[in-house]
Amino acid sequence: MLFALTRTAFWAGITAALIIALPRPLAAATKPPVIALSNAYYGNNWRHQMVDAFRKAADQAKKDRLISDYIVLNGDNSVSAQISQMIDLILRKPDVILIDAASLTALNGVVQKACAVGIIVVAFDSIASAPCAYKIDWDFANWQRPLVDGIAKLMGGKGNVIIVRGVRGSAPDKMMYEQQIETLKHYPGIKVVSTVYGMATAAVTQSVVSNVLPSLPPIAGVIGDGSYGVAQAFQQFGGPYASRMPVISGDGDANFVHWWIGQKQKNGYKTLSMNAAPSISQAALWVAIEIVNGRKVPKYMKMSASTVTNDTVEQFSGLKPGTAVASEYSPDWVRRNLLNQKN
Amino acid sequence: MKVLAWMRNNRWSFAAIGVSALWVLLSVITSHFNLNSLSGVVTSASFLVIVAIGQMFVVASGGGNIDLSIPSVMTVSAFVTVILSQGTNTGLLLALPAVLAIGLATGAANAFLVVRLRIPAIIATLAIGYVLDSATLIANRELEVFTVSSVLRGISSAKLAGIPTILLLALALIVIASATIRRTSYGRTLMAVGQNATAAHLAGARVGRTMTVAFLISSMLGALAGMLLSAHAGGAFLQMGEPYLLQSVGAVVVGGTLIAGGSATALGTFFGSILLVLIVTTMQVSGWPPGMQEVVQGAMIIAILAVAGNGLRKRSA
Amino acid sequence: MSDGIPVPEPNPSQKHIESVGTPLLRLSGVTKTYGPTRAVDSLSFSVAAGDIVGLIGANGAGKSTLMRVLAGVTIPDSGELKVDGKPIDFGAFSPQAARRFGIRIVHQELSLCDSLTVAENFYVEQPGRIDLNPLWLRRYQSMALDSLQAIFPDNGIDVRRPIAELTLPQRQMIEIARAACDPLLKILILDEPTSSLDSLRSEQLTHFIRARAAAGVAVIFISHKLKEVAAIATRILVLRNGALVRDTDDATLGVPEMVAAMAGEAGQELERLHRVAANTAGRTLVEIGVPWSAESNQLRAGQIVGLGGLEGSGQRDFLRALYQAARNGQASGLDCHGTASYVSGDRKAEGIFPLWDVLRNATIGVITSAPNRSTIGGSAERGTAEPWLKAVQVPMDRLESPIVELSGGNQQKVLMARALMTNAEILLLDDSTRGVDVQIKRDFYRLIRKIAESGKLVVWYSSETIEFAECDYVLLFHNRGIQSRLTGSDLTEDAIVNASFAERGGATAASVAPAGTAAKRLNALSVMPFFTAAMMLLVIGLLNRNAVSALGLDLLMTAAIPLVLISLAQLFIVGGSEIDLGVGAFAGLTSVISATWLVSDPAIGWLFLALALAGYTSFGLLVQARSIPAIVVTLGASFVWLGIGYTFQQTPGGSAPGWLADLAAFSVLNIPASALCLLVAAIAATAINTSKRGVVLRGFGANPGSMAQTGWSPMSAALARYVISGLFGLTAGLAMTAINTASDINAGNSYTLLSIAAVVIGGSSLTGGRITPLGTLFGAISLSLVGSLLGLLNVSTDYNALVQGGLLIGILYLRTIFSRRTA
């Protein structure tokens, strides 16, 4: 039964595919592209901000007739849900699928299938490693080094640090961690006394840091994700830290930035923050449009971090709680900073 | 011999000994020997205590009952809290009844499926969990506020005379749960139902009603914990309740409550919760590779069941 | 007739020759006691080939115990058993051994596995005759068909249908045919074989029994239908109180003589403590009407009312209904005007709370039914209970002992105290002196009399006819209703036995409710997964033509593969009445191993895969060996799998081994690998399910007790179950690697809960035994299509879980409704 059905359907499909495939180039030339965003996870503030930034830019692009329409599909962080999303998109045949993936690898099968039917796939932020996809990745290597350097210098090159890692088993976490350890080798006076997983979430970070803090010697610095959670853990612990907070590396979280401003005003607190800007979705959109328009685009592009320093922190005092430091990316910025990359 | 017999009658003591031993170990590892080193762990464990007590009531009702909807009810409650309170204390007046209603509705739905339709608890609570997950995703779309009401933050994060308020809350809950189990007709009846539902029925117990209340307690506490967790976490995020599935069952089992039902100890659940958090912390402090930490957590719960679970009845679906 | 079941012609002359030689079966001094009760009391007799022995006795006379001894289920305390002149070593005696000796028993409580087909039930009992023919089941089908046909011509039973779908008489015929057609058969024991057969079938059975006896088989025929016994038996044995009171080959022994022998003088042994006229002045507490009784019956305060009749004629159901009516005011045909308490004689299953001491066991009744008292805990509780426990003479120094350490009689006293403490107006006794010694029984009778005199109504069901002598009057039950009423001087044991055994034609057979129609409805329900999947695909196709193109179908099928395979893994676990919460993580781990070690070093990779499978299986064996809940063990195991996975591969990546990638790109006749994979999975699961092992697994899922009694090992069944399930999980891992050309330890997690849903939707029973590979496959496909369907309907995937959960609840709800109608 299944056998016969599949076979009939297969031949029917071949015919249909041929009919659909032939007039395509003409249509593409006359009509602006349809762009779809497949977002694996919509469950934290960062992803909300990412999707909002995309919608904002896409609305603008639609108005400017750079695209004819856009689709946004959000998932529940499971691979299976995103796979069915992707199938749905492939069947709808947009020109481009932007994907913020649930897994570096587990979506590769379906991404390859999308490429095979002629859909351009641009993976960004949490990328999918399928070879056919364009990838806009974070330049972790080149951003952890200045960050750790900056924190180490603020610590005076000595003292105990806690490293807060991100999502267990994720690729960015591993890259960041390796870079952090590599950089810290240049500071023999700094000792890593604990490594915990904060799962890139302030709440989890706060609780794991709270758990280990009482058992640790005095801490002079904290490197890693979930900075606001770290700050809260120290504040709650109080004691010697009440008057003298360790140097906590920032992650661009608005709550942290506000806390930082407060501390700076109170006792001249200094630190450094670098983060992945949620507005990367805008960059991905502009890249996609460039690809559709026939521009030559590198397969692999790196995004640099958004940085906040002691000198610039006050500029972010208006940041909405729950959002992260992010600048708007324009088509121009993309052309200057991403399209000219070589790999 | 006497000590051992006493311990067997007070099964919470095993978990308590585990906590002390690990605390000594942790102190040796970090060479920081003081009671203070438990404070952080105890705060984290307090959230676990709240949900584990609920899970304990369901497990105690026997018949292989278990509540898999706890993570989902926690998450959806956190979302509702954040959305409805809008970060204000007045908004909390709206959020609190809403969260309690969620707990009530979830518990009632679970109980209806289990008691009335005789669907095994594992499937019923799983299905209800699915429904709640969808509700969470829909609520998630409305999530625009990222601040937390100060009253709630106070309960979940402040300290009273150096003791975290959340711990006081957890302790109060332990006392109430313990008294319920030992001193009330409901507690006695629940344990009777858990041991032998038919015998309980013939002894005059309202079996269905008793089980229903257990599911209501579990869901209400789950909802309450979700609300508090949202304040502690400074907002709501998807899957925030997920770790509490294994941990709530683990804390109950490790604490000495019989997984087959009919006997429960609130004090044991308290120590069981601390023990689980402490194990993870000890492994983190002593720098165990992350994969092994998970293996140890899972293997430990299995080992405790395998040693303690002999001769107990299996899931009677 | 391929198996050569002999159906010899009756040959009367043969009988005499056979019965002269050594007896086939000889018992000497066989004794079995349960606590103080001597169920079988130094019993000695022998049975010769060709004998048809009618074994009769009142309820509790020891027939069942004797049969269990002969069948190898119960080991006697003392005595000797010889088969064919060879003494049997009881240490090595078992149901299987009894079968090897040629002893076959047809149980009254049928021992068939509900979930298996008729033919499969034949296989389970005689697995010796297997060969490697893939169509092995055919042999058993023809064997079953021939056996049934030999005894019950034109029975109309479809041997390919599961027992659950058959009616009670059909099941009884199968039970008989299965035992009676054993080629090794020497001694055939039939325990109430005709209880649900009509007269035609009974006649056919009689004919068959005569033929087998003539061919040299000894038959022991136990029945309450004394006319039947008189008609068929060549010899009659009468048991009373565990002892043989009459052994006669006088075939002319009439029914009245039989009754007299069964009742004996026992009626006089226990003297009535005193007899007063039934109290008819008391308040009416219970009114009985239709359907329990044609005419209205009233039970009054101060009376002791016995519920008599043959065991299983509805007395116990009546007692339960009465209890229910007392709690809720009314039940069908019963009007109750007072509170009731219940004392069950099945202490272990329905009476005691094993974790508690005596005191708590006694007070639970009053605590639960009259709450908000300050009687819980401490001296107040003791104070409440003590007078009552004293009244029933529980040793007062045992109040804090665990109840399980008390003797049966003392436990029963505690239960009595529990019931009395609630001060209920009606006391319901459910065979509550079972297994209690004579002295305690006497105390009980005195107590019951006192209770009645204090103005309470006692309703008393007993399996020991003699106890009715203590009653004011007895309601005689027949066929789930009150047949008659015995009072005053009519109330002798003789009269009760006589009335109980009075034949009432074929009424019993007619009363059996047909189970067939409800089962058919359930069957119709099992088409649902196919229907659901097809409907969803149809709607998807209507919404987007691309979806039903080759490309679309390939995409949809590829996406469904991991869930399908993991669901099939889950299926076999659920078939064993367990649930695996770690199977998704396990698939994730095998995916990681296959994308890392299997690429870099295939030998080590396969070794690790084998180790993972071994680990998975050992968790399953642990569940079985320690009787611990699989849910918690597998939940813990899921963390073990994830942890190992993280350790092997810290970030997602790796690559698919070349052969696996080739496999993923493989196609035959333009059918893509995805379709082939689903096809192979379906065939494999179906093949396993219908194989001999599969039959055993299904048998264990629903009826572990009868499987174990038949001689199958529960451990090896668990081993097989987890190996099969592990292999499907492992294949799912490989498929994930092949599809994604890489691995991610977390990729399998989301499939775990979905797989349970798929199995349930697929029509498998959560209580085990019903394994439906195709249903599960389509259930998994349906669940996997939900996302795409919602997407095409422009409904957000946020509703995915809602639809999946709703589907789960809806299907379970439908099934509950159907099965409730069956009940």
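Above: the structure in question.
Bear in mind that the values here come from a model prediction, so they are computed numbers and not experimental data.

1. Focus: the pattern of salt bridges
For side chains bearing opposite charge, pairing can occur when the charged atoms are close.
No. 1: One pass over the structure, following the stated rule, counts 28 salt bridges over all chains.
No. 2: Residues C:Glu381 and B:Arg188 are paired through a salt bridge, measuring 2.8 Å at the closest nitrogen-oxygen approach. Here C:Glu381 is found in helix α14 (residues 378-391), whereas its partner B:Arg188 is found in helix α9 (residues 185-195) on a different chain. Comparing C:Glu381 with B:Arg188, the two get one shared label, buried.

2. Quick word on the interface of chain C and chain B
One frequently used descriptor of interface size is the decrease in accessible area upon assembly of the parts.
No. 1: In this complex, chain C contributes 74 residues to the contact, which on the side of chain B involves 67 residues.
No. 2: A buried area of about 5,900 Å², summed over both sides, lies between chain C and chain B, and 67% of it is on carbon and sulfur atoms.
No. 3: The interface formed by chain C and chain B contains one salt bridge.
No. 4: At the boundary of chain C and chain B, one finds 17 residue pairs in polar contact (both at pLDDT 80 or more).
No. 5: Here the side of chain C that touches chain B gets 13 residues from one element, more than from any other, and that element is helix α25 (residues 630-648) of chain C.
No. 6: Broken down by class, the residue content of the side of chain C that touches chain B amounts to 40 nonpolar, 23 polar and eleven charged.

3. Describing the nonpolar core
No. 1: With 329 residues, the main nonpolar core has A:Val111, A:Phe234, B:Ile53, B:Ile123 and C:Val118 as its most contacted residues.
No. 2: With 17 residues, helix α21 (residues 550-575) of chain C is the largest single contributor of residues to this core.
No. 3: Each of two domains, domain 1 (14-138 + 277-304 + 325-337) and domain 2 (141-275) of chain A, supplies a minimum of three residues to this core.
No. 4: Among the nonpolar cores identified, the runner-up in size contains 57 residues, and A:Ile136, A:Trp143, A:Tyr187 and A:Trp286 belong to it.

4. Structural notes on the state of the cysteines
No. 1: In total, this model carries one disulfide over all chains according to the counting rule given.
No. 2: A sulfur-sulfur separation of 1.9 Å characterises the disulfide bridge that pairs A:Cys115 with A:Cys132. One disulfide, between A:Cys115 and A:Cys132, carries an S-S torsion of 70° and so falls in the right-handed class. Taken as a pair, A:Cys115 in helix α5 (residues 108-116) and A:Cys132 in the loop between β4 (120-124) and β5 (134-138) lie far apart in primary sequence, 17 residues in all.
No. 3: For A:Cys132, a relative accessible area of 21% corresponds to the partly exposed category.
No. 4: Lacking any disulfide linkage, C:Cys113 is separated from the closest cysteine sulfur, that of C:Cys181, by 19 Å.

5. Section: the interface of chain A and chain C
No. 1: With 39 residues of chain A at the interface, the matching set in chain C holds 45 residues.
No. 2: Linking chain A with chain C are one salt bridge, by the criterion used here.
No. 3: For the salt bridge of A:Lys113 with C:Asp554, the shortest nitrogen-to-oxygen distance reads 3.9 Å.
No. 4: Counting the contacts that link chain A with chain C gives five residue pairs in polar contact (both at pLDDT 80 or more).

6. Considering the packing of aromatic side chains
Residues and elements named next belong to chain C.
No. 1: Going through the model one piece at a time under the given rule, you end up with 29 aromatic pairs over all chains.
No. 2: Centre to centre, the rings of Tyr 323 and Tyr 342 are 5.5 Å apart; their planes meet at 65°, and the pair counts as edge-to-face. Here Tyr 323, found in helix α11 (residues 315-328), pairs with Tyr 342, found in strand β16 (residues 340-344); they are 19 residues apart in sequence, far enough to count as distant. Each member of the pair Tyr 323 and Tyr 342 is classed as buried.
No. 3: A ring pair is formed by Phe 353 and Trp 356, whose centres lie 5.4 Å apart and whose planes are at 55°; its orientation type is tilted.

7. A few points about unusual backbone geometry
Residues and elements named next belong to chain C.
No. 1: Although it is not a glycine, Asp 84 adopts a positive phi angle of roughly 55°.
No. 2: Relative to the helices and strands, Asp 84 is located in the loop between β4 (78-83) and β5 (86-87).
No. 3: One non-glycine residue, Ser 577, lies in the positive phi region at around 65°.
No. 4: Note on placement: Ser 577 falls in the loop between α21 and α22 (583-595).

8. Looking at a nonpolar patch on the surface
Residue and element names in this part refer to chain C.
No. 1: Taken together, the side chains of Trp 606, Trp 659, Leu 663, Phe 666, Val 668 and Leu 669 define a hydrophobic patch exposed on the protein surface, amounting to about 600 Å² of accessible area.
No. 2: Looking at the element boundaries, Phe 666 is found in the loop between α26 (658-665) and α27 (673-690).
No. 3: For Phe 666, a relative accessible area of 44% corresponds to the partly exposed category.

9. A short note on the sheet that holds strand β1 (residues 34-39) of chain A
Residue and element names in this part refer to chain A.
No. 1: A sheet is described by the order of its strands in space; here six strands give the open sequence β2-β1-β3-β4-β5-β11, paired in parallel fashion. For this open sheet the edge positions go to β2 (69-74) and β11 (300-303), each flanked by a neighbour on one side alone. Pairwise comparison of adjacent strand axes, ignoring direction, gives a mean angle of 15° for this sheet.
No. 2: Bridging between β1 and β2 involves six bridges; their strand directions are parallel. Of the residues in β2, the one forming a bridge with Ala 36 is Ile 71.

10. A few points about the pairing of strand β17 (residues 426-430) of chain C
Residue and element names in this part refer to chain C.
No. 1: The element β17 is extensively covered by neighbouring structure, given that five of its five residues are classed as buried.
No. 2: Taking every second residue as pointing to the same face, both faces of β17 are buried, with Ile 426, Leu 428 and Asp 430 on one and Leu 427 and Leu 429 on the other.
No. 3: Inspection of the sheet shows β16 paired to β17 by five bridges, in the parallel sense. For Ser 344, the partnering residue across the bridge sits in β17 and is Asp 430.

11. Considerations on the environment of C:Ala742
No. 1: Take C:Ala742: it is sitting in the loop between α30 (714-740) and α31 (749-761).
No. 2: Accessibility expressed as a relative area gives 2% for C:Ala742, which makes it buried.
No. 3: Taking C-alpha positions, C:Ala742 is 33 Å from C:Ser764, a pair spaced 22 residues apart along the chain.
No. 4: Sequence-distant contacts of C:Ala742, that is, excluding residues within four places in its chain, are made with A:Thr105, A:Asn108, C:Ser591, C:Ala595, C:Gly653, C:Gly654, C:Ser655, C:Met736 and C:Thr737.

12. Re helix α24 (residues 602-626) of chain C
All names here are of chain C.
No. 1: For α24, built from 25 residues, the straight-helix expectation of 36 Å at 1.5 Å per residue is met to within 8% by its first-to-last C-alpha distance of 36 Å.
No. 2: Of all the residues in α24, the buried ones are Gly 605, Leu 609, Ala 612, Leu 613, Gly 615, Tyr 616, Thr 617, Phe 619, Gly 620, Val 623 and Gln 624.
No. 3: Of the residues trailing α24, Ser 627 is marked for its positive phi of about 50°.

13. A closer look at the sheet that holds strand β3 (residues 52-57) of chain C
Remark on secondary structure: sheet strands pair via backbone hydrogen bonds, oriented parallel or antiparallel.
Residues and elements named next belong to chain C.
No. 1: Across the sheet, six strands lie side by side as β6-β7-β8-β3-β9-β10; this open sheet has mixed pairing. Looking at the sheet topology across the chains shown, the edges are occupied by β6 (103-106) and β10 (243-248). Neighbouring strand axes in the sheet, compared pairwise and without regard to direction, differ in orientation by 20° on average.
No. 2: Pairing between β6 and strand β7 (residues 187-191): four bridges, direction parallel. Paired with Arg 104 across the strands is Leu 188, a residue of β7.
No. 3: The strands that helix α6 (residues 168-180) touches are β6 and β7; relative to β6, the one it contacts most, it runs at about 175°.
No. 4: Contacts from helix α7 (residues 199-214) reach β3, β7 and β8 (218-222), with the element oriented near 125° to β3.

Quick notes on the rules
Residues numbered from 1 in each chain as written. Chains lettered and ligands numbered in written order. Predicted model: local features only at pLDDT ≥ 70, side-chain atom pairs only at ≥ 80, totals over all residues. Heavy atoms only, no water. Salt bridge = Lys/Arg side-chain N within 4 Å of Asp/Glu carboxyl O. Helix = DSSP H or I, 4+ residues; strand = E, 2+ residues; numbered from the N terminus. Buried < 20%, exposed > 50% of the residue type's maximum accessible area, 1.4 Å probe, protein only. Contact = heavy atoms within 4.5 Å. Buried area = accessible area lost by both parts, 1.4 Å probe. Polar contact = N/O pair within 3.5 Å; in protein donor to acceptor, adjacent residues only side chain to side chain. Nonpolar A, V, L, I, M, F, W, Y, C, P; charged D, E, K, R; others polar. Core = buried A, V, L, I, M, F, W, Y, C linked by side-chain atoms within 4.5 Å. Domains from an automatic or database assignment. Disulfide = S-S within 2.5 Å. Phe/Tyr/Trp six-rings, centres within 6.5 Å; stacked < 30°, edge-to-face > 60°. Patch = residues over 30% accessible without salt bridge, like charges linked within 9 Å, V, L, I, M, F, W, Y side chains within 5 Å. Areas by Shrake-Rupley, 256 points an atom, 1.4 Å probe, with all protein chains shown as cover. Pairing = 2+ DSSP bridges. Axes fitted to C-alpha atoms, helices over the stretch in contact; angles between N-to-C directions. Expected span 1.5 Å × (residues − 1).

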